[in-house]
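The lines below spell out each chain.
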Amino acid sequence: MSHRLRTYAPQFAVATLGFLVALSSGTPLCQAQDATILREAIPPGQQPVELIPSEGARQATAPQTPQRKPARPTQLPKPAPQDGVVSRLIARLMPSEHVSGKELNDESSARALDLYIESFDPLKLYFLQSDIDQFKRYSTVVDDHVRAGNLDLAYYIFGRFTQRVDERVETIRQLLQTDFDFSVDEQVVIDRDAAQYAQNVDEATDRWRRQLKLSLLDLKDSDEPIVGQKARDQLMRRYDRYANRWKTTSSDDILEIFLTAVTNSYDPHSTYMSPATLEDFTISMSLNLDGIGASLGEKDGTTQVKAIIPGGAADLHGKLKPDDAIVSVGQGEEGEMVDIVEMPLKDVVKLIRGKAGTTVRLGVRPGGTGNMEVYKIVRARVELEDSAARGEIIEHQLPSQNSTMKIGYINLPSFYMDMEGAKRNDADFRSSTRDVAKILENFKRQNVGGVVLDLSRNGGGSLTEAISLTGLFIDQGPVVQVKDANGSVQKYDDDNRGTVWDGPLVVLTSKLSASASEIFAGAIKDYRRGIVVGDPQTHGKGTVQTLMDIGQSLFRIKRANYGALKVTLQQFYLPDGESTQLKGVAADIILPSVISKMPVAEGDLEYALEHDRVNPARHNLYSMVPMDLINSLRVNSQQRITQDKEFTELLRRIELYVQQKDQKSISINEEKFMQRRAEMKAQKDEEEEELEAQLNSDEIFRDTYYNQEVMNIAHQYIDGLRAQNLARAN
């Protein structure tokens, strides 16, 4: 299955998961005068056909059951007076502030149109192909409309969407009153790139019939199975909730979705926040809210786990992982599990948040496709101590040797700093650099042979800390270069002479290592100061965003809330000039992992900025990465992995995961569906057996087969450097 991700408007991220779907009732087509304006904006020869009811307005050949009187169409909202002004300002700010410096043009126009359509119908379940053909006639004028403050196109597409939704929900209501044959071997497309728009209403009806069968099978295959009329009722409630969602759509919501499609045409991190979204964002940044300690997003109608915050409740629980889908939420030990499929993300977050010490139950589909499991997580507030650096000395022995070596292991979950303490100039304020320095001093007193710095779960943090922490391992010199929208490049140096640790260094990374982690790991590589071990490459996010208040941009003072523009204004580059964007930092020695195959990196986002480079900055080079030693380490590690039973089993699970991820469709024959789920559950059970052995443990270094191989590599690396008299940075 293709898992290239789209990013949608922050508050109204709209999508639909193939087998967990929901609908809304509709709204009428745009008024005739709006259509006239649209036609006049189209270049000659590209005018669309007359906006008359298409064949999609006909009744589908659905089951012959009593017809419910259609609900009265919801009145389409109208743009607010200031919306056109905001649109024109976004059109001016994006080219001037975005790091690319690109103007709005026909390319960004076509991208924005595609993204806007996808934001409503990513799995192509609502629109007909005839709708898309009409919309595509506007592919070169979105930029012109935004510059002119003309939102007619946005409302025209939204009006057609709600019309189609209204038609589909009535069809679904009829289908749910009929019998389904689960013995027939039929397929449902679950890959959004492989999905096609229905050519006519009959085809759309058949697709929804299959979607409903899949939804019913999905409800049946869970820790708490839902079957029969109860399952049908739950699906109908889901669709009705989705219908109400669109009935309450405001002009601010439409503006946010539309302008975010425009900003996303530049890159996936540039978005427009409506006034309500900006207000929610401001509150969330100023309050200490308790929750599960996870970054959540919306993908295909479900709440998706984007990242686990180190030291948070989910991290301590241990089972919730990136790419998992949350489909239901229950309060306390006995509270009803509330179906949250197609629920707006802001409402989901409200359900998950709560007072520290209380329990929330999450219905989770591991990897987004597994059978639903219930996780009980005790809410907690993430404290600095919980995400602080911790160190441990490992007495390590190679499989083929009797002698042991002391290796220092440091787990660094984030690059942190006590900002308030730093502002007060407290002598003992906490920071990742200070804490790691103390650990390294202890390692030196204990005569460790080398250090492993684990950044495999480090999603980034303070840029200042990434620079200063790099300085613990290099004498001095440039650590990162930053380019802005006008093309100027500024380098940031470690100015402190000397090092805290000048011995062998191994940096452990993964696809989850992002931003500041990539700056640190990349600088260590460029200086040839140590080696990087782990996934083939890190996350690949090499950009910086800033939040620009639209009201202040318009009036120079805070007069009113007109929302905000989050824009990518800078890009990171390593000392040698390579950007960390998209490609991340490559590992010197690769270890197999499931995470490396997950669609959780920058490159999995639609229209991510391309990798590029700037001129290298002059810096020292160490002699601690001799290629003959690196090649030897790779060969030896591969031999151990091949002969290790646990790694062999891991490789089998990785292969199965990739096969499942790449599937473009799945069978809705009940026997085949349940067999597939049983295989997935067996794999999950094996993983949880390994996990249970590690949970409820306060260990700093978890003695797993994976971590043991990291230590094997570190051990042989230290021995190899000593053999060449290179075990000290000079």
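This text goes with the structure placed above it.
Residues numbered from 1 in each chain as written. Predicted model: local features only at pLDDT ≥ 70, side-chain atom pairs only at ≥ 80, totals over all residues. Heavy atoms only, no water.

Peer 1: An account of the overall build of the protein is requested, with residue identities and associated values reported.
Peer 2: Within the protein, the secondary structure is distributed over 21 helices and 19 strands. Long-range pairs, those at least 24 residues apart, make up 79% of the contacts in the protein between residues at least 6 apart in sequence. Only carbon and sulfur atoms are counted for the fraction: they give 49% of the accessible area of the protein, which is about 30100 Å². (Helix = DSSP H or I, 4+ residues; strand = E, 2+ residues; numbered from the N terminus. Contact = heavy atoms within 4.5 Å. Areas by Shrake-Rupley, 256 points an atom, 1.4 Å probe, with all protein chains shown as cover.)

Peer 1: An account of the sheet that holds strand 18 (residues 589–590) is requested, with residue identities and associated values reported.
Peer 2: Within the open sheet, the six strands sit side by side as 9-10-11-14-15-18. Their pairing is mixed. Two strands lie at the open edges of the sheet, namely strand 9 (390–397) and strand 18, each paired on one side alone. Seen against the sheet, helix 16 (residues 516–526) touches strand 11 (450–454), strand 14 (505–509) and strand 15 (531–534) and runs at an angle of roughly 140° to strand 14. Most of the contacts of helix 21 (residues 705–723) go to strand 10 (residues 404–411), to which it runs at about 120°, and overall it touches strand 9, strand 10, strand 11, strand 14, strand 15 and strand 18. (Pairing = 2+ DSSP bridges. Axes fitted to C-alpha atoms, helices over the stretch in contact; angles between N-to-C directions.)

Peer 1: An account of the pattern of salt bridges is needed here, citing residue identities and associated values.
Peer 2: Any two side chains of opposite charge can pair if their charged atoms end up close together. What the rule picks out here adds up to 41 salt bridges. A salt bridge links Lys-213 to Glu-186; the nearest nitrogen and oxygen atoms lie 2.8 Å apart. Pair noted here: Lys-213 is in helix 7 (residues 201–220) and Glu-186 is in the loop between helix 6 (152–175) and strand 1 (187–189), with a separation of 27 residues, a long-range link. Among the residues examined, Lys-213 registers a relative accessible area of 1% and is labelled buried. Between Lys-661 and Asp-662 there is a salt bridge, with its nearest N and O atoms 3.6 Å apart. Exposure remark for Lys-661: the relative accessible area of 16% places this residue in the buried category. A relative accessible area of 42% places Asp-662 in the partly exposed class. Salt bridges linked by common partners bring Asp-131, Arg-160, Arg-164, Glu-167 and Arg-168 together as one network. (Salt bridge = Lys/Arg side-chain N within 4 Å of Asp/Glu carboxyl O. Buried < 20%, exposed > 50% of the residue type's maximum accessible area, 1.4 Å probe, protein only.)

Peer 1: Just give me the short version of the side chain of Ser-462, but keep the residues and values in it.
Peer 2: Mapped onto the fold, Ser-462 is located in the loop between strand 11 and helix 15 (463–470). A distance of 3.3 Å separates a polar side-chain atom of Ser-462 from the backbone nitrogen of Thr-464. Here Ser-462 is in contact with Phe-415 and Ala-516, once residues within four sequence places are set aside. (Polar contact = N/O pair within 3.5 Å; in protein donor to acceptor, adjacent residues only side chain to side chain.)

Peer 1: Hey, could you go over the nonpolar core for me, with residue numbers and the actual values?
Peer 2: Counting residues in each nonpolar core, the largest one holds 79 residues, and the members touching the most others are Ile-410, Leu-412, Leu-440, Leu-469, Phe-473, Phe-520 and Ile-531. At nine residues, helix 21 tops the list of elements feeding residues into this core. If near-sequence neighbours (up to four positions away) are discounted, Ile-410 is found in contact with Ala-389, Arg-390, Gly-391, Val-436, Ile-439, Leu-440, Phe-443, Val-451, Val-452, Leu-453 and Asp-454. Within the second largest apolar cluster, 65 residues are counted, among which are Met-94, Leu-113, Leu-175 and Trp-208. (Core = buried A, V, L, I, M, F, W, Y, C linked by side-chain atoms within 4.5 Å.)

Peer 1: So what's going on with the packing of aromatic side chains? Which residues, and what values?
Peer 2: This structure, assessed with the given rule, holds 22 aromatic pairs. Ring geometry for Tyr-116 versus Phe-120: centroids 4.9 Å apart, planes at 80°, classification edge-to-face. Highlighted residues: Tyr-116 and Phe-120, both in helix 3 (residues 106–120), separated by four residues, approximately one helical turn. Residues Tyr-116 and Phe-120 agree in their burial class; the two are buried. Note on Phe-135 and Tyr-156: the rings are 5.8 Å apart at their centroids and 90° apart in plane angle, and the pair reads as edge-to-face. Note that Phe-135 is positioned in helix 4 (residues 129–136) and Tyr-156 in helix 6, a separation of 21 residues in sequence. Between Arg-434 and the ring centre of Phe-429, over which it is positioned, the NZ or CZ distance is 3.8 Å. Here the guanidinium or amino end of Arg-728 rests over the ring plane of Trp-501, the centre of that ring lying 5.7 Å away. (Phe/Tyr/Trp six-rings, centres within 6.5 Å; stacked < 30°, edge-to-face > 60°. Lys NZ or Arg CZ within 6 Å of the ring centre and 35° of its normal.)

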